[in-house]
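# What the coordinates show
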Amino acid sequence: MAKIKPPVPPLPDSLNPSPRRAGTKPPPAGVIAQGQETGISAVNWIDERLQLSGGLRWALFRKIPRHDWTYSLGSSVMFAFLSQAVTGVFLAMAYDPSTTGAYESIRYTTNEAFLGEFLRGMHKWGSTVMVVLVFLHMAQTFFYGAYKYPRELNWVIGVVLLILTMAMSFTGYLLPFDQRSYWATIVGVNINGTGPIVGPYLSDFLRAGPEFGATTLSRFYAIHMLLVPGAIGAMIGAHLWLVTKLGTTSPPWNRPRHRPQGSDIGVASSAPSSNGSSDQ
Amino acid sequence: MNRAEKEAYLREYGQLKAEGEPFFPYSVAKDSIMACIVMATIIGMSIILGAELGPKADPTSTTYVPRPEWYFFFLFELLRVIKPPELVPLATIGVPTICIILLMLLPFYDRGPERHPLKRPIATTAGVLVIFAMGYLTYLGASAGSPNEIDMKAPAALAGPALIEWEKGRSVVGQAGCLACHKIGENGNDGPGPVLTHVASRLPEAAIAQTLRNPTAPMPSFKNLETTQPENFKAMVSFLGQLN
Ligand code: HEM
């Protein structure tokens, strides 16, 4: 059955197979050709049901203004976050979130488990790298004026991501349960408690009660590995959705080479245009 | 931005976009290279710097001076810069909360059409100042030194048992958390307590011991130390008694 096609944006020329020259022989219909045929029809079967290829083509081949390397800071944060997620899963496999077992389980990971210290090191220094990159990314969007119309909401989501990232490092710091992390967390929670209005409630919530007790650690663990990462994942999704929808900014010192046409309104315009695409 | 400015922006942006490059491979290539650099950095730091684990948490010891992760130093330093106790809540929660709210609402009060950093002098100056302030506070936090050690040379006149006693007092004072509130030599925080580098020139040993037993708040009392570890208490007092 031929595939029923929803309208899709065209592929760029370079990806379309070039037409066969007159006089050359058609390729032999061997095993390879058969395999290709099977692959294509399998992909078509899936796509007929999911109808993703249009969106994918749009997302991959939509044009974006030329930009510089600082525009890769956002995706660098994302990669640092992914690295944290993967190393975090492996750390969780050996972690015991109880006041009696936490220190011992981290000691086991560090000193005995295969590549354990390397894994902990990646998670620990990955957090530093991620925090630094978040601040750099924020500085970039600030100085490039990227928070202005129509990207205001993306900035707001970004600030939420900043807070969530800091919450990650605050809650993660307690988990090894050594002297350093224990006392720094006590002080941090107490500082929260001095805040106006919500302060005392927030610190009670973090401690799971008025005193720092056995459930505090498991609460921090749940916040650190379920609540905040889930929220960060969802927020990154919203952030990237807006970025793709609105398009990334152009560095403010770049000007169009041709005068804008009056008809060309619309940020999300996906219409391919022929001018200027290959003249760099 | 008013309506005309918005339309002008969208028109110019549409043109820039039309003159741009397809996301794949233009952007994807750059992002992939950056991803490799990020991963290489993390792996390199992990191999070179490792991950240490300190002594196990001990809720009964009150002698440990906490130090947060370095990127929280600037928040911690705010605590020190703002000293009067009635202003402490302002420093700890007030200032960060106000900063976050200002940050979040930025696109709603900075609505001008200009995007070039040099054509937005106020925003750019404010941004640079904030970066310097945070950098400076982080530097202050980082250079406060190891929080439970006092780097001091014994007076040349000391020798034998007196020198040993002095060294012991130096480490007891370091471990006892005094540096959280007092500056001694190069170490510790200047405030909320007075600098102790030259206490002995102000107070005789007996008065120092009396202060430790019966201090004025917020300084905690060290009477317990005297009953449980009298020789440590003595070493502490005699160390302080020689700081003149
Ligand atoms: C977990 C944290 C974050 C991730 C993973 C992330 C990811 C990204 C990515 C991949 C982009 C598109 C490419 C680029 O311009 O870099 C982007 C754009 C953007 N981000 Fe973030 N971001 C994060 C945090 C933030 C923060 C803290 C802010 C600011 C408060 C922010 C504000 C923006 C803005 C305004 C844009 C649009 C930039 C443009 O169109 O030129 N983001 N983000």
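Here we take up the overall build of chain A. Scanning chain A from terminus to terminus reveals nine helices and one strand. When the helices and strands of chain A are placed in sequence order, the string is α-α-β-α-α-α-α-α-α-α. Within the span of chain A, comprising 280 residues, buried residues form 43% of the whole. Carbon together with sulfur atoms contributes 67% to the accessible area of chain A, which is approximately 15300 Å² in total.

Next up on the list: the coordination of the iron atom of the ligand. Geometrically, a metal with four donors at the corners of a regular tetrahedron has ideal angles of 109.5 degrees, and one with six donors at the corners of a regular octahedron has ideal angles of 90 or 180 degrees. Residue and element names in this part refer to chain A. Coordination of the iron atom of the ligand by the protein is provided by His137 (NE2) and His239 (NE2), with metal-donor distances spanning 2.0 to 2.1 Å. Coordination at the iron atom of the ligand comes from six donor atoms whose angles at the metal span 85 to 179°, giving a geometry best classed as octahedral. Here His137, found in helix H5 (residues 116–143), pairs with His239, found in helix H9 (residues 214–246); they are 102 residues apart in sequence, far enough to count as distant. For His239, a relative accessible area of 14% translates into the label buried.

Moving on to the interface of chain A and chain B. Contact with chain A, which involves 101 residues of that partner, is made by 77 residues of chain B. With both chains or domains summed, chain A and chain B bury close to 8400 Å², and 67% of this area falls on carbon and sulfur atoms. If you sort the residues of chain A by the area they bury against chain B, Phe143, Tyr149 and Gln179 of chain A come out on top, with a joint share of 9%. Viewed at the interface, chain B and chain A are joined by four salt bridges. Residue Arg255 of chain A pairs with Glu12 of chain B through a salt bridge whose shortest N-O separation is 2.4 Å. At the junction of chain A with chain B, the criterion picks out 31 residue pairs in polar contact (both at pLDDT 80 or more). Among the elements of the structure, helix H2 (53–61), strand S1 (63–64), helix H3 (73–94), helix H4 (102–111), H5, helix H6 (152–174) and helix H7 (179–193) of chain A are those that each provide at least two residues to the side of chain A that touches chain B. Pairing geometry for S1 of chain A and strand S1 (residues 21–22) of chain B, over two bridges, is antiparallel.

Residues and elements named next belong to chain A. With respect to spatial proximity, 23 residues lie near the ligand, and among them Tyr71, His137, Gly158, His239 and Thr249 are the closest. Contact distances for the ligand include 3.2 Å between an oxygen atom and a backbone N or O atom of Gly74. Take His239: an N or O atom from its side chain is 2.7 Å from a nitrogen atom of the ligand. Of all the secondary-structure elements, those providing two or more residues to the shell around the ligand are H3, H5, H6 and H9. Element by element, the count of residues in the shell around the ligand is highest for H6, at six residues. Residue composition of the shell around the ligand, by class: 13 nonpolar, nine polar and one charged.

Cut-offs applied
Throughout, a residue's number is its position along its own chain's written sequence, starting from 1. Written order decides the labels, with chains lettered from A and ligands numbered from 1. Local features are withheld for residues below a pLDDT of 70 in this predicted model, meaning they are given only at 70 or higher, and side-chain atom pairs are given and counted only at 80 or more; totals for whole chains, interfaces and linings count all residues. Heavy atoms from the whole structure form the basis of all side-chain values; hydrogens and water molecules are not counted. Elements are defined by DSSP. Helices are runs of H or I of four residues or more, strands are runs of E of two residues or more, and each kind is numbered from the N terminus. For each residue, the accessible area found with a 1.4 Å probe, counting protein chains only, is set against the maximum for its type, and the residue is called buried under 20%, exposed over 50%, and partly exposed in between. Surface accessibility follows the Shrake-Rupley procedure with a 1.4 Å probe radius. Residue values consider only the protein chains on display as shielding. Each metal site is built from N, O and S donor atoms within 2.8 Å (3.2 Å for Na, K and Ca), and since water is not included, such sites may look incomplete. Geometry assignment treats four donors as tetrahedral when all angles are between 85 and 135 degrees, treats four as square planar and six as octahedral when opposite donors are over 155 degrees apart and all others between 65 and 115, and treats everything else as irregular. Whether two residues touch is decided by their heavy atoms; if any such pair falls within 4.5 Å, the residues are in contact. By buried area we mean how much accessible surface two parts lose on assembly, using a 1.4 Å probe and totalling the loss over both. Definition used for salt bridges: Asp or Glu carboxyl oxygen within 4 Å of a side-chain nitrogen of Lys or Arg. Here a polar contact is taken to be a pair of N or O atoms separated by no more than 3.5 Å, where protein atoms must pair a possible hydrogen donor with a possible acceptor and residues adjacent in sequence count only if both atoms sit in side chains. A pair of strands is considered paired only if DSSP assigns at least 2 bridges between the two. For this purpose, a residue is taken to be near a molecule or strand whenever a single non-hydrogen atom of the residue falls within 4 Å of it. Residues are grouped as follows: Ala, Val, Leu, Ile, Met, Phe, Trp, Tyr, Cys and Pro are nonpolar; Asp, Glu, Lys and Arg are charged; all remaining types, including Gly, are polar.

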